[in-house]
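# Residue-level structure breakdown
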Amino acid sequence: MFGHRTRRAESDTTPLLNHIHHQNYPHHRFSSDPTLEMTTAPPPRRSYFLGVDVGTGSARAGLFDENGKLLGSSSSPIQIWKDGDCIEQSSTDIWLAICTAVKAACSLANVAGEEVTSLGFAATCSLVAVDSEGEPVSVSLSGDTRRNIIVWMDHRAVKQAERINSSNSPVLQYCGGAVSPEMEPPKLLWVKENLQESWSMVFRWMDLSDWLSYRATGDDTRSLCTTVCKWTYLGHAHMQQTSEKDSRGMEACGWDDDFWEEVGLGDLVEGHHSKIGRSVAFPGHALGSGLTEEAAKELGLLAGTPVGTSLIDAHAGGVGVMESRPLSGPESRDVDEEAISRRMVLVCGTSTCHMTVSHSKLFIPGVWGPFWSAMVPEYWLTEGGQSATGALLDHIIESHVASPHLANQAASRSISIFDLLNEILEKLRHEQGSAFVAALTSNIHVLPDFHGNRSPIADPNSKGVLSGLTLDTGDKQLALLYLAVVQGIAYGTRHIVEHCNAHGHKIDTLLACGGLTKNPLFIQEHADITGYPIILPRENESVLLGAAILGAVASKRYNTVREAMKALNAAGQVVYPSEDPKVKKYHDAKYRIFRELYEQQLAHRSIMAQALA
């Protein structure tokens, strides 16, 4: 149970209040005369900010107080269908899971639904299709109407992405020079070319987080986060038009109609872009009249509860952690306003997103952005990423013959399989007399591009590489392979950071949130390999906090997202890189091999292409 509070019934508080004031404040007048009013004002109502996040495998809800403290959280699983590169979900199923999670989170926090001050949503950048009645339209070759969401990690549209990139449209420079098959235009083009009946039925195409806020409020306003990051919307079209404090009625003027015509999606321009968004707003903009009666009843909240314009889940993680400042240590002195521009947030879950902001517009090949106001309003966002991190670790572990045995052993001790693998590695270090755990993988090297390279190479056709395998199938060998994969992921982060700094950023501090940050080995390897301290948040659920901040701003409790971040973000542990020069020398050598693995892959591709020509 989380954050229990003791609450006195309303009928009990008034006599006590009268008694206190009578004893300690004799100048106040108390009388049995009903015409005399008590002069003491009632205590101010406490604020409770609710955040909802829909990830790849579950819908989660968390309730936070005015100090950014998590009072209660809950998770509910969601369905997913996988068929090769096609990965699909159901908006109906997701909404039901959200309702379950919200009610459970409020119950665990011991806060009644009518006490909730506001609500904000975050979700994966998945594509939702609904008809004119708001009912699901299938995006599946199966024809199953439940399956109306193309999940963010779906790679069915690789060829469509390649065709779009060949257009050389000016909008492409704002997404690293090329769209990814994980973005929405390639997916839309795939549906148009493969599911004509569905294409003609769809009345609204929406990013999942925008659909959630629409489902909750009936307001079709889209977020600058989703449209700019995943739809090629040019958010900077609004730079001189409006500010974060007044984003009501922002007509969607950032669509490039020539782009949509050129790539074969000109019909989406019709009706003032009604199918993809006629109006947009800054994150945290108050939507409609708050929760509709229907949505409020389903969620167990009050109708009219303020709801803020949404964020993609990774970006919500950035909002939930980016202003976290340690109480002591070197980073605590970093209080100037522009310190935020020297930080990169790692949102580590199924995939990892690498987010940094700046006042200046920086174009970085192979890295998404610059996106104006897509995370922190009125800042340019640069977004790197790795398409498979938590998913890759799960894949490597679960596909190994030793996995069932280790899973059972971990379950019997009520620890995670990662904790058990970390213990095995520490024992191996002692047995082999290794100076540090990382050195155990001197003969195992991993290129973690099992689901392509999102950045900084932006090659969806890149493949994973494992170098140094043997016939050993034991527990210790799995532990070594796991460590090598963790290191490969961290080398990928180093590559992204170095690439961003080489193109104008000045990143010197990392902040990390998400499920993988609960693994100390994962965080320490990232600190050692990048050479930067990593600040962890006080609260584990930074994505939920970021979502809750959106509602807090919509409720007018805070004037801006940045103000709310400063009030509600809080730092926890700081993990520093090793000071041992041998550790740095070791990782520098492995990083060199990491970079060579991709170059070798390119050479191998060329050889085989010539053989098949």
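Summary of the structure given here. The model shown is predicted, which means the values in this text are computed figures rather than measured ones.

Conventions adopted
Residues numbered from 1 in each chain as written. Predicted model: local features only at pLDDT ≥ 70, side-chain atom pairs only at ≥ 80, totals over all residues. Heavy atoms only, no water. Helix = DSSP H or I, 4+ residues; strand = E, 2+ residues; numbered from the N terminus. Buried < 20%, exposed > 50% of the residue type's maximum accessible area, 1.4 Å probe, protein only. Contact = heavy atoms within 4.5 Å. Areas by Shrake-Rupley, 256 points an atom, 1.4 Å probe, with all protein chains shown as cover. Patch = residues over 30% accessible without salt bridge, like charges linked within 9 Å, V, L, I, M, F, W, Y side chains within 5 Å. Salt bridge = Lys/Arg side-chain N within 4 Å of Asp/Glu carboxyl O. Lys, Arg positive; Asp, Glu negative; His and termini not counted. Charge placed at Lys NZ, Arg CZ, Asp CG, Glu CD. Expected span 1.5 Å × (residues − 1). Axes fitted to C-alpha atoms, helices over the stretch in contact; angles between N-to-C directions. Parallel < 35°, antiparallel > 145°, perpendicular 65-115°, else oblique. Left-handed = near helix turned anticlockwise from the far one by under 90°. Nonpolar A, V, L, I, M, F, W, Y, C, P; charged D, E, K, R; others polar. Pairing = 2+ DSSP bridges. 1 Å grid on protein atoms, 1.4 Å probe; cavity = no way out; pocket = protein on both sides within 12 Å on 5 of 7 lines; lining within 4 Å. Points joined across faces, edges and corners; volume = space filled by probe spheres on them.

On to the overall build of the protein, then. Summing up its helical and strand segments, the protein has 19 helices and 21 strands in all. Looking at the protein as a whole, 59% of its 613 residues are labelled buried. The contacts in the protein between residues at least 6 apart in sequence include a share of 72% that link residues at least 24 apart. Surface accessibility of the protein: about 25100 Å² in total, with carbon and sulfur atoms responsible for 51%.

Moving on: a negative patch on the surface. Residues Asp258, Glu261, Glu262 and Glu270 make up a contiguous surface patch of negative charge. The element contributing the most residues to the negative patch is helix α8 (residues 257–262), with three residues. Residue placement: glutamate 261 occurs in helix α8.

What follows deals with the environment of leucine 406. Checked against the element boundaries, leucine 406 lands in helix α13 (residues 403–412). C-alpha of leucine 406 to C-alpha of isoleucine 417: the two residues are eleven residues apart in sequence and 6.7 Å apart in space.

With that settled, the discussion passes to helix α19 (residues 581–612). If you check α19, its first and last C-alpha atoms are 47 Å apart, about what 32 residues at 1.5 Å a residue would give, namely 46 Å. Here α19 has its buried residues at Val583, Tyr586, His587, Lys590, Tyr591, Phe594, Leu597, Tyr598 and Gln601. Buried residues along α19 sit against β17 (445–447), β18 (465–467), α15 (475–502) and α16 (520–530).

Now for the packing of helix α2 (residues 91–109) against helix α6 (residues 208–217). Packing of α2 against α6 leaves a shortest axis separation of 12 Å and a crossing angle of 65 degrees. Between α2 and α6, the interaxial angle falls into the category roughly perpendicular. Handedness of the α2/α6 crossing: right-handed. Note on element contacts: α6 touches α2 through Leu208, Trp211, Leu212, Arg215 and Ala216, opposite Ser91, Ile94, Trp95 and Ile98. For the contact of α2 with α6, the class distribution of residues is seven nonpolar, one polar and one charged.

Moving on, we get to the pattern of salt bridges. Enumeration over the complete set of coordinates arrives at 27 salt bridges. In this structure, aspartate 154 engages arginine 156 in a salt bridge whose closest nitrogen and oxygen atoms are separated by 2.9 Å. There is no split in this pair, since aspartate 154 and arginine 156 are both buried. One salt bridge in this structure joins glutamate 323 and arginine 562, with 2.5 Å as the shortest N-O distance. Taken as a pair, glutamate 323 in the loop between α11 (313–321) and β13 (343–348) and arginine 562 in helix α18 (residues 561–568) lie far apart in primary sequence, 239 residues in all. Overall, the relative accessible area of 5% leaves glutamate 323 in the buried class.

Reading across the sheet, the seven strands line up as β15-β16-β14-β13-β19-β20-β21 and stay open at both edges, with mixed pairing between neighbours. One side of each edge strand has no neighbouring strand; the edge strands of this open sheet are β15 (368–372) and β21 (571–575). Across this sheet, the average inter-strand angle for adjacent strands is 25 degrees, counted without regard to direction. Bridging between strand β19 (residues 509–513) and strand β20 (residues 534–537) involves two bridges; their strand directions are parallel. Each residue of the ladder has a partner; that of leucine 510, found in β20, is isoleucine 534. Lying over the sheet, α15 contacts β13, β14 (352–358), β16 (380–386) and β19, oriented at roughly 150 degrees with respect to β16.

To continue, consider the packing of helix α17 (residues 542–554) against α18. Running from amino to carboxyl end, α17 crosses α18 at an angle of 125 degrees, the nearest separation of the two axes being 9 Å. As judged from the angle between their axes, α17 and α18 are oblique. The interaxial crossing formed by α17 with α18 has right-handed handedness. Of the residues in α18, those touching α17 at Leu545, Ile549 and Val553 are Val561, Ala564, Met565 and Leu568. Looking at the contact of α17 with α18, its residues break down into seven nonpolar, no polar and no charged.

What follows is about empty space enclosed by the protein. In this structure the tally under the stated criterion is four cavities of 30 Å³ or more. Of the voids in this model, the largest cavity is the one considered here, and its volume is about 120 Å³. In terms of lining, the largest cavity is formed by 14 residues, of which the most central are Gln386, Pro448, Asp449, Asn453 and Ser455. Elements supplying a minimum of two residues to the lining of the largest cavity: β16 and α15. Of the residues belonging to the lining of the largest cavity, the class tally is four nonpolar, eight polar and two charged. For the second largest cavity, the calculated volume is near 60 Å³. Taken together, Val171, Tyr174, Cys175, Met183, Val228, Cys229, Lys230, Trp231, Thr232, Tyr233, Leu234 and Phe371 make up the lining of the second largest cavity. Of the residues assigned to the lining of the second largest cavity, the class counts are ten nonpolar, one polar and one charged.

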